[in-house]
Protein chains: 2
Amino acid sequence: MLEDRIRRPSLLERITTPQAAASLIEDGMIIGMSGFTRAGDAKAVPIAMAERAKTDPFKITLLTGASLGHDIDRMLTEAHVLARRMPFQTDATLRAAINRGEVMFVDQHLSETVEHLRSNQLGPIDYAIIEAAAIREDGGIIPSTSIGNSASFAILAKKIIVEINLAQTLDLEGLHDIYIPTKRPTREAIPVVACDTHAGVPYIPVDPDKIAAIVITDEQDSFSTIEPADADTQAIADHLIAFFENEVKLGRLDLTLDPLQAGIGTIANSVLAGLATGPFHHLRMYSEVLQDSTFDLFDAGKLTFASGSSITLSSACANRVYRNFAHYKDRLILRPQEISNHPEVIRRLGVIGINTALEADIYGNINSTHVNGTHMMNGIGGSGDFARNAYISIFVTKSLAKGGRISSIVPMVAHVDHTEHDVDIIVTENGLADLRELAPRERAVEVIRNCAHPSFRDDLMDYFERACARGGHTPHLLEEALSWHIRSRDTGTMKAEGGKDQPKVRLA
Amino acid sequence: MLEDRIRRPSLLERITTPQAAASLIEDGMIIGMSGFTRAGDAKAVPIAMAERAKTDPFKITLLTGASLGHDIDRMLTEAHVLARRMPFQTDATLRAAINRGEVMFVDQHLSETVEHLRSNQLGPIDYAIIEAAAIREDGGIIPSTSIGNSASFAILAKKIIVEINLAQTLDLEGLHDIYIPTKRPTREAIPVVACDTHAGVPYIPVDPDKIAAIVITDEQDSFSTIEPADADTQAIADHLIAFFENEVKLGRLDLTLDPLQAGIGTIANSVLAGLATGPFHHLRMYSEVLQDSTFDLFDAGKLTFASGSSITLSSACANRVYRNFAHYKDRLILRPQEISNHPEVIRRLGVIGINTALEADIYGNINSTHVNGTHMMNGIGGSGDFARNAYISIFVTKSLAKGGRISSIVPMVAHVDHTEHDVDIIVTENGLADLRELAPRERAVEVIRNCAHPSFRDDLMDYFERACARGGHTPHLLEEALSWHIRSRDTGTMKAEGGKDQPKVRLA
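Please read these numbers as outputs of a predicted model, since none were measured by experiment.

**Things to note about the overall build of chain A**
(1) Moving on: Summing up its helical and strand segments, chain A has 18 helices and 25 strands in all.
(2) Moving on: A compact globule built from 508 residues would reach a C-alpha radius of gyration of about 23 Å, and chain A, at 23 Å, matches this within 12%.
(3) Moving on: Counting only residues that meet the buried cut, chain A has 66% of its 508 residues in that class.
(4) Moving on: Sequence-distant contacts, at least 24 apart, represent 73% of the contacts inside chain A between residues at least 6 apart.
(5) Moving on: Counting only carbon and sulfur atoms, one obtains 51% of the accessible surface of chain A, whose full area is about 15,800 Å².

Structure (C-alpha cells):
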C-alpha cells in the first residue's frame, strides 16, 4: 500500500518514527511547517518535538502557512519550544505567551513571508516539515488539504521531513497548482488571470535527496469551529445582498458578481453562505481558505469555481465533501498562499474582499488584531493582502461584543490594521455604510448612522460633533479618543454609567 | 508654428480663450485635470474658472494626478469652486479649507483613483482639462512634463479641453509610455517587467471629436521648492548608504541595488542625491516623481534609467535639463501614475521605496498625513502604493521638529497611514532601525535606541518599559499613548516641563 504514497522506492528507507524525525531538530533552528487554517498541518513530528523538549529543552523559530490544528501551537508553547513564531496563529495558549512577551510573534501579511525568505532577509529554513498525500516518483511532494507556504519552505529548506498522512485521500492529487514567482528584479508576470488558471505543476518539485525523513500518520485534519449563522450574521448577509443587488442595478456588477474572497471565521462564512439565497449565479471564489460556505454554494448550484490555499471544514461538511471529492475536484484549485493572496492577482481579478473586523472607528479605520489596542488576538492574516487590492473591500462585524458592553464602532480604533484608504464598505447587523469616495467627515456620519448599535449611536455622534467643532480633516478629541477602550479595560464596559465608571487617567 | 503643436488641421478651429473654455464648466461637474507634483498642470483654464466664479459662482469635484502648481488650488479655493477634491494636494489655502471642513478631500492611494473611475464607482468625468506638448494628427494627446491621471481622465471623459503649452519643449514627444490596464475581471498582466519597459504608446489615444476646446499657453511649470541638503539630511543619507553597503556585504543586494523610489520632498531628494557619493553604480529608478536628484545621479554617471510619472525640478536644474533634454530622454520614461505606482509592478520589480514620515511610533507605525492626528498636511500620495509592495520599505524623517519641541518618534502615532507590517526601515539623523522580522517589543527597542532624538529617548524608553510591565503583544499605556500630542497641541511642545505643562484631560 505505501508504494501508492511513496512512489520513489529509494525513499521508503527514509521512513522513521516521529521521535526520530523530531530528534533532527536542533536548538536555534528555523523550521517551516505546513498548515493553513488547521488544514494540512504536520501532525506527528511537532507533537514529538514538544514531547522531546520536556526532557531535552530547545527553542526554534517556527514559520507556518497560517494557523495549525491539533493543539500543536499549544503543545509547543507549553514545552517552551517557540522562541519566535510567524506569520499567524490562533491558539489561546500561544496567544497568552505572545501577550506576556515570551514568544516573539511576527505578524505578517500572508503573501509576504516567502518573499522575505527568497531574498534572504529571513532564513534560511533548516527543516521544512510538510504533510503530504504522497511523494511522486521524481520526489515531487503532493500536498494534502492546504498549501500555505509549504512549497517555498520545501524548495528553500536545507532538509525536508515529510509526513505522509494516510487519512488524506489520494483523490487530492491534481488539486494543487504550484507556481513560484521567478526571482526579482527580473521576475515575470504571474500568469494567473482567472480563478481557474492553472499556472504551475500539481506537486512541489524538490530534490529527493533533501528528504531526510518520512513519517507515516493517519489522522484527519482538525475540524473547523465556526458557529452556525445567527440572526445578526443573517442580517449582515442580507445587507450585503441588498448592496450587491443595488450595484447590479447601477451597472457596476452583474449577477455573477466578481471573484469573491471571504476571511476565516463565523461571520464571513455565514455571509458567503447567505449568497445562496440571493439572485446571484455562476459565482467564483478567489480566496485563501475555503470553508463550509464554499461547498454550500457548490451544492446550491451557485458557484462555478473556487481557488484557495486550504480547505477547512466542519466535521459534517468534511464527511460530505471527502466522501465524494471527485464531484468537486475539477471546480477547485489550491495555490501557495503567496499566489492566493498576491496583490498582483487580487488587483488584476478585481476581487470582492469580505473580511472580519474586531472593531472599526467612525472614520472607517479597522482593527483586526489587537484587543484594547495591546493584546494580540490572532494576526492580520490575509486581510491586508485582500483589503488593499480588492475591487470592493468589505469589513463585517457585529456592532456589539461582550453582551452589549463593548461597541465594535468606536471613536478611534486603539490599533490600526487597515487604514480608511483600504476600507470601502462596513457592515454590521444594523446596516451598511458605503464609504467609497467620501471624505472622513462624511464617512463618520455613514458609519455612525448605519453601523453603530443604537445603544452607542448618540455617544458616537456627540463625540463626532464636538470633534468637528474643533476642526481638522479627521476631527478627534485626542484626550477622549481612546477613552472608550480605557473604560472597557478598567470596568469591562465602554458604557459610561453616570460618571462612576470613569477610568483613572494619567498623563506622563 | 501652431501646426507643429496641433497636427490635425480640423482641430485648429477649436482654439479659444481660457475664458471661453472655462465657461463650458457647469455647476456640479466632475473635472479631471492634469498635474502631478506641480508638473504638467493645466495653467490657464483653471485660473479662468476661478476668475469666473467670482461673479458666476459654481462648484465642482476636482480630480488631479497629484498636486498642482501656479497657486491653482489656492485660487480655486478662494473662489469657492471646490466642493470635493481628490486624490492629493499640497496647497496651504486649500489645506486650511479642508481642515475647516469646507472642502471634502478624499485622500487616496495614487494608483487607485482611475480604478474607481473605470468601474463607475466614481464619475463620470464631465471634462478632462489636460496640458499637452502637442496633439497628433490622429488626435492623440502628447502630454508635457507629467502624466499623472491625465490619460484615463481624457479617455473616460465626456469632453476634453487641451492646453497646448508652447513653453514645454517638443522634445518631450516620445518620453511618455501610455499603457492602460485592460478591463477587469478579464484583465491581462501589465507587461512592465523592468524600469525601461515600453508597454504602450507615446500619446493618449482619444477620439478627436471629444476635444471641445484648445487653449494656447506659454508658461513654465512651477519650480520645485525643495531645500538643499543639510547636516541632518546628509546624516540620514549616510545611514542609508551604510545600510545598503551592509546589505551588499550580506549578499542581499549588489552594488546596482534594486529599482529605487523616492517620495517627493527635501529629505527623500537629499537621500537619493547622497547615493552619488556611495560605491553604487548602474542604479535604476522606478518612482513617481523625478526630482533634481534623478538628474544629479545621471550627471554623476550613477543612474542608468529612471521611470516616473512626472518631472519636477528646481529652477536651476530645469534650466540645465530642458536645455539639453535629448541628452536625457532615452534614459527616461513617464507613465500613468496607475502604472508608476501599481502594486503589481512594484512588487514584481522589488522596488526599494524611500518615503517621508511626519512621525513614527515606537512600534514602527507611520503617520504621513495628519498633524496632531487631526489636521491634514498633504495626503498619503503614493507612499502606500510603494511601502506595501516594496522589497524594502524605508521611511525617513528628522527626529525633531519645531526647533526641538516636537519629537517625530512618539509612543503612539495619532494617525496611522502605514502600519508596522509595511515598514521595514526607519531612518533619522540619529541612526537607522532595521525592523525586518522583528516582533513589536523588539521593534520598539530598535526605534527608540537608533531613531529617537536623545532629548526624548529616555521618556520613550520609560513609556515602553512601563507599558511592557502591563503586557500585550504591542504594549501601550492607553491613557498616556496620545499624551505627547495633547501636550503639543495645548502647549506647543511635547516636552513635559516639571508638570506645569500638563494638558487638560477629560474623559467622556
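**Examining the UniProt feature "domain: Acetyl-CoA hydrolase/transferase N-terminal" (unreviewed entry) in chain A**
(1) Moving on: UniProt feature "domain: Acetyl-CoA hydrolase/transferase N-terminal" (unreviewed entry): in the numbering of this structure it lies at residues 14-215 of chain A.
(2) Moving on: Helix makes up 21% of residues 14-215 of chain A and strand 19%, and the two end C-alpha atoms of the span are 8 Å apart.

**Some points on the interface of chain A and chain B**
(1) Moving on: Taken together, the 90 residues of chain A in the interface contact 90 residues of chain B.
(2) Moving on: Summed over the shared surface of chain A and chain B, the result is eight salt bridges.
(3) Moving on: Between B:Glu344 and A:Arg348 there is a salt bridge; the shortest N-O distance is 3.1 Å.
(4) Moving on: Between chain A and chain B we count 44 residue pairs in polar contact (both at pLDDT 80 or more) in total.
(5) Moving on: Residues of the side of chain A that touches chain B, tallied by class, amount to 32 nonpolar, 28 polar and 30 charged.

**Quick look at the pattern of salt bridges**
(1) Moving on: In total, this model carries 68 salt bridges over all chains according to the counting rule given.
(2) Moving on: For the salt bridge of B:Arg118 with B:Glu115, the shortest nitrogen-to-oxygen distance reads 3.3 Å. A residue pair is termed a helical-turn pair when its members lie 3 or 4 positions apart in one helix, as B:Arg118 and B:Glu115 do in helix H6 (residues 113-118) at three residues. There is no split in this pair, since B:Arg118 and B:Glu115 are both buried.
(3) Moving on: Bridged by salt links that share partners, the residues A:Glu115, A:Arg118, A:Arg184, A:Arg187, A:Glu338 and B:Arg347 form one connected network.

**Digging into the relation of the copies chain A and chain B**
(1) Moving on: The two copies are related by a screw motion: chain A maps onto chain B through a turn of 180 degrees and a shift of 0.0 Å along the axis, at an RMSD of 0.0 Å. Here the two chains are linked by the operation of a two-fold rotation axis. Residue A:Glu344, judged by its C-alpha, is the member of chain A lying nearest the rotation axis, at 2.1 Å.

**Quick look at the UniProt feature "domain: Acetyl-CoA hydrolase/transferase C-terminal" (unreviewed entry) in chain A**
(1) Moving on: UniProt records the feature "domain: Acetyl-CoA hydrolase/transferase C-terminal" (unreviewed entry) at residues 320-463 of chain A, using the numbering of this structure.
(2) Moving on: Taken end to end, residues 320-463 of chain A has its terminal C-alpha atoms 51 Å apart, with 32% of it in helix and 25% in strand.

**Things to note about the packing of helix H8 (residues 231-249) of chain B against helix H9 (residues 266-274) of chain B**
All names here are of chain B.
(1) Moving on: The geometry of H8 relative to H9 is characterised by a closest axis approach of 8 Å and an angle of 50 degrees between their N-to-C directions. Comparing their axes, H9 and H8 come out oblique. Regarding H8 and H9, the two cross each other, and that crossing is right-handed. Taken together, the residues of H9 that come into contact with H8 (itself represented by Thr233, Ile236, Ala237, Leu240 and Ile241) are Ile267, Ser270, Val271 and Gly274.
(2) Moving on: Each residue belonging to the contact of H8 with H9 can be placed in one class, and the counts come to six nonpolar, three polar and no charged.

**Focus on the pairing of strand S12 (residues 303-308) of chain B**
Residues in a regular strand project their side chains so that they alternate between the two faces of the sheet.
Residues and elements named next belong to chain B.
(1) Moving on: Of all six residues in S12, five are buried; the element is thus mostly enclosed.
(2) Moving on: In this sheet, S12 lies alongside strand S10 (residues 283-286) in parallel orientation, the contact comprising four bridges. Counted as the bridge partner of Arg284 is Phe305 from S12.
(3) Moving on: As paired strands, S12 and strand S14 (residues 332-334) are joined by three bridges and run parallel to one another. Directly across from Ser307, in S14, lies its bridge partner Ile333.

Rules behind the numbers
- Residue positions are given per chain, counting from 1 as you read along its sequence in written order.
- Numbering of ligands from 1 and lettering of chains from A proceed in the order in which they are written.
- Where totals are concerned, whole chains, interfaces and linings use all residues; where local detail is concerned, this predicted model gives features only for residues with pLDDT of at least 70, and gives and counts side-chain atom pairs only at 80 or more.
- Side-chain numbers come from the whole structure's heavy atoms, not from hydrogens or water.
- For the purposes of this entry, the term helix denotes a DSSP run of H or I that reaches at least four residues, the term strand denotes a run of E that reaches at least two, and both are numbered from the N terminus.
- Note that the radius of gyration is over C-alpha atoms, with the globule rule given as 2.2 Å times the number of residues to the power 0.38.
- The classification of residues rests on relative accessible area computed with a 1.4 Å probe and restricted to protein chains. Under 20% of the type maximum is buried, over 50% is exposed, and intermediate values are partly exposed.
- Note on contacts: a residue pair is in contact if any heavy atoms of the two residues lie within 4.5 Å.
- With residues, only the protein chains shown are counted as cover, and all accessible areas are computed by Shrake-Rupley using a 1.4 Å probe.
- UniProt positions are given in the numbering used here, feature names are shortened, and annotations may be inferred rather than shown by experiment.
- When a carboxyl oxygen of Asp or Glu lies within 4 Å of a side-chain nitrogen of Lys or Arg, that pair is called a salt bridge.
- A 3.5 Å cut-off defines polar contacts: any pair of N or O atoms within that distance qualifies, except that in protein one atom must be a possible hydrogen donor and the other a possible acceptor, and neighbouring residues in sequence count only when both atoms are side-chain atoms.
- Here the nonpolar group is Ala, Val, Leu, Ile, Met, Phe, Trp, Tyr, Cys and Pro; Asp, Glu, Lys and Arg are the charged ones; every other residue, Gly included, is treated as polar.
- Overlaid copies result from least-squares superposition on C-alpha atoms, with residues included only where pLDDT is at least 70 in both.
- Structural elements are reduced to axes, namely lines fitted to C-alpha atoms, with helices fitted over the stretch in contact, and the angle between N-to-C directions of any two is expressed from 0 to 180 degrees.
- The labels follow the angle: roughly parallel below 35 degrees, roughly antiparallel above 145, roughly perpendicular from 65 to 115, and oblique for the rest.
- For any helix crossing, the convention is left-handed if the near helix is rotated counterclockwise from the far helix by under a right angle, and right-handed if that rotation is clockwise.
- Here a strand pair is declared whenever DSSP counts at least two bridges between the two strands.

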